[in-house]
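Chain by chain, the residues run as shown.
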There are 2 protein chains.
Amino acid sequence: MLLTLPCHGALVAGIVALLAIAVAAQDEPGPLAVATQGSFFVGGREVHSTTLSTVPAYAPTGTITVDQMYVRYQVPVEGRGHPITLIHGCCLTGKTWETTPDGRMGWDEYLLRKGHAVYVVDQVARGRSAASPSVINSVKLGKTSADQLPPVFSAGHEAAWAIFRFGSEYPQVYPGMRFPLHAIGEFWKQMVQDWHDALPTPNPTVSALSELAIRLQGTVLISHSQSGIYPFQTAALNSRGISGIVAIEPGACPNPDADLAPYMKLPILVLWGDFVDRSSRWAPRLKMCQAFAEAVNKRGGKVENIELPKVGIRGNSHMLMQDTNSLEIADWLLAWIDRNIAGRTTQ
Amino acid sequence: MLLTLPCHGALVAGIVALLAIAVAAQDEPGPLAVATQGSFFVGGREVHSTTLSTVPAYAPTGTITVDQMYVRYQVPVEGRGHPITLIHGCCLTGKTWETTPDGRMGWDEYLLRKGHAVYVVDQVARGRSAASPSVINSVKLGKTSADQLPPVFSAGHEAAWAIFRFGSEYPQVYPGMRFPLHAIGEFWKQMVQDWHDALPTPNPTVSALSELAIRLQGTVLISHSQSGIYPFQTAALNSRGISGIVAIEPGACPNPDADLAPYMKLPILVLWGDFVDRSSRWAPRLKMCQAFAEAVNKRGGKVENIELPKVGIRGNSHMLMQDTNSLEIADWLLAWIDRNIAGRTTQ
């Protein structure tokens, strides 16, 4: 029904501008309406140390807080579906999900524009989430032996090239591979020193993710690579607040012979790019996840283990959220979420 | 002039919703219209190392990229005035400017709502900007002596208490001090390990800030505490792209006896909270900046060195962008920018 009402010219001008924004946001990266945004931490514990510093301006003895997880979020004005939590992988931070190396929109904003609240984390001891320098300073001061230093590491470009499956080895490229290699220098800048091997198992990120999920009263946990096992460990810790799990090229799936009860009632997707069978690092992991999926499904659960080439999407590297068809994959993923988790909207 | 035009009911309903958003954004933290947002890095250089890792899964030898600076930005739909670049201080990250420990809006969003494009950085080797673990692993492997370890430090809560001027010493509180101490635990979670003492002088953040300023074709550099000197060093490197400098409680001002030419044509504000004269750490720094301001002004430049209590705003700690009156200070600061930099709009 259309009514004809009087209205004012100035108002109409404002309306036209605002509607232009609203329309543009549907189809192309025009302006964006954000209901709320911000950042906070979950988790964290206090530790006391006598070797916080060797710098004169800062006292060596005191208390610091570690094991907290940084979370940045945006909630759309027109919300639909579940909040989505994005968990980066090895040697990277939440930057993984932001603007791509070649300057295209990241999944953080794209999922928001599609109506989902989006929560981007930095794993514990990575990026904006603190690590403790206590042992480093203790070794520097001669109080602790050098072999006790935390195994903080960085992935070199050359080794990372094969790990991220740009090609079989540096600098070869798989034919049709879709990572924007012309901007590879910008990707290398995303990589940071990684403390995860210095942390206990399960990584404290897992309990922080559980706290976040409970706070959100329902979220889809989307992990990548080294964080791949975290959503499963989070579900094993406490199923509350977990609407579903998407593990993108996980470093590991749960052992098929372990207790599978935590996974029986959750919608779970394990997602793989292309060229996996050519990679000695990733081919066994794909097999492990296939075995996990079969074991859960045999008992009546629902795990989908999807290789993108088998659904017609080819050429994706390990960094598929940054590949040139990243938004096509996001659309596919959103459709999977709608099919499998739609009835559980909690937002 | 108001015109009366016919328009459709459905359109009016949409308009009312959109106008409600627009109006709310003016006065209270309602929805926000963002023209563009994203993140990128500036700066960065490649280094080769044979001690990137002691972890078997990651090769020890390879190339990494360091000295890049992470930048997250948002540009408002209704822009006015200059882009603002926010540079955090010691032991902190860009989180400094986001949601406050007690959950109020950060300056990053507030300045955006006031029409400024906002760029929030993580200093080189802090947060999402990489540091190199090469020397740590070299020491762990016995190739380098322990005293060569980088002086990575964390500030303990107890020492930080006085540094941030919550009180004269932990856990005393200055009367009327405005930091939200009921949420102090959330503030401690913002603090991270700090590598800045392991970096050359000037800190590589300075050249990255220059690159950013040039890219933005005009930005107000707002520093805090340990980064206080960076905008001055950036101006000394290259004045291009710097619309003005705001140093909030800087760790240092330029030496009054040094070459002051880089500062003669820039609008410069040095801003201080309360209780400075009671602090042995901060009182001398205030004096240093007074001397710098006098030296520049004597030669015809324009540096304002403002203590907030002297303009009627009392009770502020060193973390004034998180104090309970943080938005009142932001308003004061925006008015200063409008008075002093308004004619230079480049956006």
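Asks: Outline the relation of the copies chain A and chain B, supporting the account with residue identities and numerical values.
Replies: Take chain A, turn it by 180°, move it 0.0 Å along the axis, and it overlays chain B with an RMSD of 0.0 Å. Such values leave the two copies arranged in the relation of a two-fold axis. Relative to the rotation axis, the closest C-alpha in chain A is found at A:Gly127, a distance of 2.1 Å. The share of interface residues of chain A whose copies in chain B are also at the interface is 100%, consistent with both copies meeting through the same surface.

Asks: Please give an account of the pattern of salt bridges that cites residues and values.
Replies: Under the defined criterion, the tally for this structure stands at 24 salt bridges over all chains. Between B:Glu186 and B:Lys189 there is a salt bridge, and its shortest N-O distance comes to 3.1 Å. Three or more residues joined by partner-sharing salt bridges are found here, namely A:Arg72, A:Glu98, A:Asp108, A:Asp122 and B:Arg128.

Asks: Before we move on, can you summarise the interface of chain A and chain B with the specific residues and values?
Replies: Listed by partner, the interface residues are 88 residues for chain A and 88 residues for chain B. Both faces considered, chain A and chain B share a buried interface measuring about 7,400 Å² in area, 57% of it formed by carbon and sulfur atoms. For chain A, the biggest contributors to the area lost against chain B are A:Tyr58, A:Arg128 and A:Lys189; these three give 11% of the whole. If you look at where chain A meets chain B, you find four salt bridges. In this structure, A:Asp122 and B:Arg128 form a salt bridge, with 2.8 Å as the shortest nitrogen-oxygen distance. Where chain A packs against chain B, one counts 38 residue pairs in polar contact (both at pLDDT 80 or more).

Asks: I'd like a rundown of unusual backbone geometry, residues and numbers included.
Replies: Geometrically, the link from A:Tyr170 to A:Pro171 is a cis peptide bond, its omega value of -5° lying close to zero. Structurally, A:Pro171 is set in the loop between α4 (157-163) and α5 (184-188). The omega torsion across A:Thr201 and A:Pro202 is -5°, close enough to zero to call that bond cis. Look at A:Arg165: it is not a glycine, yet its phi comes out positive at around 55°. For A:Arg165, the position within the fold is in the loop between α4 and α5. Judged by relative accessible area, A:Arg165 falls into the buried class, the value being 0%. A positive phi is found at B:Glu249, a non-glycine position, where the angle reads about 45°. Inspection of the secondary structure puts B:Glu249 in the loop between β7 (242-248) and β8 (268-272). You can call B:Glu249 buried: its relative accessible area is 0%.

Asks: An account of the nonpolar core is needed here, citing residue identities and associated values.
Replies: With 203 residues, the main nonpolar core has A:Trp107, A:Phe166, A:Phe187, B:Trp107, B:Phe166 and B:Phe187 as its most contacted residues. Leaving out residues up to four positions away in the same chain, B:Phe166 has contacts with B:Trp161, B:Gln172, B:Val173, B:Tyr174, B:Met177, B:Phe179, B:Leu181, B:Ile184, B:Phe187, B:Trp188, B:Ser317 and B:Met319.

Asks: Kindly report on the pairing of strand β2 (residues 32-49) of chain B, identifying the contributing residues and their values.
Replies: Two strands pair when backbone bridges link them, and strand β2 (residues 32-49) of chain A and β2(B) are joined in this way by three bridges, in the antiparallel orientation. Looking at β2(B), one finds that A:Val34 is bridged to B:Leu32. One ladder, built from 14 bridges, connects β2(B) with strand β3 (residues 62-76) of chain B; its direction is antiparallel. Among the inter-strand pairings, B:Ser39 is bridged to a residue of β3(B), identified as B:Arg72.

Asks: An account of helix α9 (residues 326-341) of chain B is needed here, citing residue identities and associated values.
Replies: Residue and element names in this part refer to chain B. Taking 1.5 Å per residue as the helical rise, α9 with its 16 residues ought to reach 22 Å, and the 21 Å between its terminal C-alpha atoms agrees with that figure. What α9 keeps buried is the set Ser326, Ile329, Ala330, Trp332, Leu333, Leu334, Trp336, Ile337, Asn340 and Ile341. The elements touched by buried residues of α9 are β4 (84-87), α2 (107-113), β6 (219-224), β7, β8 and β9 (303-307).

Asks: Any details on the packing of aromatic side chains? Residues and values, ideally.
Replies: With the rule as written, the count across this model stands at 37 aromatic pairs over all chains. Both rings, one in A:Phe153 and one in B:Tyr58, keep their centres 4.6 Å apart while their planes meet at 25°; by these two values the pair is stacked. Taken as a pair, A:Phe153 in the loop between α3 (134-140) and α4 and B:Tyr58 in the loop between β2 and β3 lie in two separate chains rather than in one. B:Tyr58 matches A:Phe153 in its accessibility class, with the two residues each being buried. Measuring from centroid to centroid gives 5.1 Å for B:Phe179 and B:Phe187, while their planes differ by 65°, and the two rings are edge-to-face. With a relative accessible area of 4%, B:Phe179 lands in the buried category.

Cut-off values and rules
Residues numbered from 1 in each chain as written. Chains lettered and ligands numbered in written order. Predicted model: local features only at pLDDT ≥ 70, side-chain atom pairs only at ≥ 80, totals over all residues. Heavy atoms only, no water. Least-squares fit on C-alpha atoms with pLDDT ≥ 70 in both. Contact = heavy atoms within 4.5 Å. Salt bridge = Lys/Arg side-chain N within 4 Å of Asp/Glu carboxyl O. Buried area = accessible area lost by both parts, 1.4 Å probe. Polar contact = N/O pair within 3.5 Å; in protein donor to acceptor, adjacent residues only side chain to side chain. Helix = DSSP H or I, 4+ residues; strand = E, 2+ residues; numbered from the N terminus. Buried < 20%, exposed > 50% of the residue type's maximum accessible area, 1.4 Å probe, protein only. Core = buried A, V, L, I, M, F, W, Y, C linked by side-chain atoms within 4.5 Å. Pairing = 2+ DSSP bridges. Expected span 1.5 Å × (residues − 1). Phe/Tyr/Trp six-rings, centres within 6.5 Å; stacked < 30°, edge-to-face > 60°.

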